[in-house]
Amino acid sequence: MTNDTRWFRRGTRHCYNTAQHRYRPVRTPGGNLHSQRLRKTTKGPKCSDCKISLPGIAHLRNAEYKRTTKRERTVSRCYGGSTCAGCVKQRIVRAFLLEEQKAVKKILASTKK
């Protein structure tokens, strides 16, 4: 009877059971069990205004972002990849209302004279 727990052996000197040292068994084509290291997941990019996680962008490490295409790192929209859609919409509406307010002030000043 074979012992299937032999595959589990941490390859580092300090082997506390932390999130950094997670492994799972993988069966090779020869029928042996080897350990495969599981990487930690990241929190992913956040919106610069409201700090929520940006939808549509994968949660990867910096080195892994280098290996992805630009299409996978961003969203095709203004401020895509740094600000969420709701905050962008809010900025656009705020800018429009400020311009309208300036125009109204200008009209009121010209009618007063």
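Scroll up to find the structure.
Below: a short report on this structure. (Residues numbered from 1 in each chain as written. Predicted model: local features only at pLDDT ≥ 70, side-chain atom pairs only at ≥ 80, totals over all residues. Heavy atoms only, no water.)

**Here we look at the pattern of salt bridges**
Alright, step 1. Evaluation of the coordinates by the stated rule reveals 3 salt bridges.
Alright, step 2. Linking Arg91 and Asp49 is a salt bridge whose minimum nitrogen-to-oxygen distance equals 3.2 Å. Of the two residues, Arg91 sits in helix H3 (residues 85–112) while Asp49 sits in the loop between strand E2 (33–38) and helix H1 (62–67), which places them 42 residues apart along the sequence.
Alright, step 3. Among the residues examined, Asp49 registers a relative accessible area of 39% and is labelled partly exposed.
Alright, step 4. When the shortest N-O distance is used, the salt bridge between Glu72 and Arg71 registers 3.9 Å.
Alright, step 5. Accessibility expressed as a relative area gives 37% for Glu72, which makes it partly exposed. (Salt bridge = Lys/Arg side-chain N within 4 Å of Asp/Glu carboxyl O. Helix = DSSP H or I, 4+ residues; strand = E, 2+ residues; numbered from the N terminus. Buried < 20%, exposed > 50% of the residue type's maximum accessible area, 1.4 Å probe, protein only.)

**Focus on the pairing of E2**
Alright, step 1. As paired strands, strand E1 (residues 22–27) and E2 are joined by 6 bridges and run antiparallel to one another. Looking across to E2, one finds that Arg24 is bridged to Gln36.
Alright, step 2. Hairpin geometry of E1 and E2 is characterised by an intervening segment of 5 residues between the two adjacent antiparallel strands and by a positive phi of about 95 degrees at Gly31. (Pairing = 2+ DSSP bridges.)

**Some words on a nonpolar patch on the surface**
Alright, step 1. On the surface, Val93, Phe96 and Leu97 cluster together to form a nonpolar patch covering roughly 300 Å² of accessible area.
Alright, step 2. For Val93, the position within the fold is in helix H3.
Alright, step 3. A residue is classified by how much of its surface remains accessible, and Val93, at 40% relative accessible area, is partly exposed. (Patch = residues over 30% accessible without salt bridge, like charges linked within 9 Å, V, L, I, M, F, W, Y side chains within 5 Å. Areas by Shrake-Rupley, 256 points an atom, 1.4 Å probe, with all protein chains shown as cover.)

**Some words on the packing of aromatic side chains**
Alright, step 1. Across all of its chains, the model carries 0 aromatic pairs by this definition.
Alright, step 2. Its end group placed over the ring of Tyr79, Arg91 keeps NZ or CZ at 4.6 Å from the ring centre. (Phe/Tyr/Trp six-rings, centres within 6.5 Å; stacked < 30°, edge-to-face > 60°. Lys NZ or Arg CZ within 6 Å of the ring centre and 35° of its normal.)

**Re the side chain of Thr83**
Alright, step 1. Here Thr83 shows up in the loop between helix H2 (70–73) and H3.
Alright, step 2. Among the polar contacts made by the side chain of Thr83, one reaches the side chain of Ser82 at a distance of 3.5 Å. (Polar contact = N/O pair within 3.5 Å; in protein donor to acceptor, adjacent residues only side chain to side chain.)

This is a description of form; function is not addressed.
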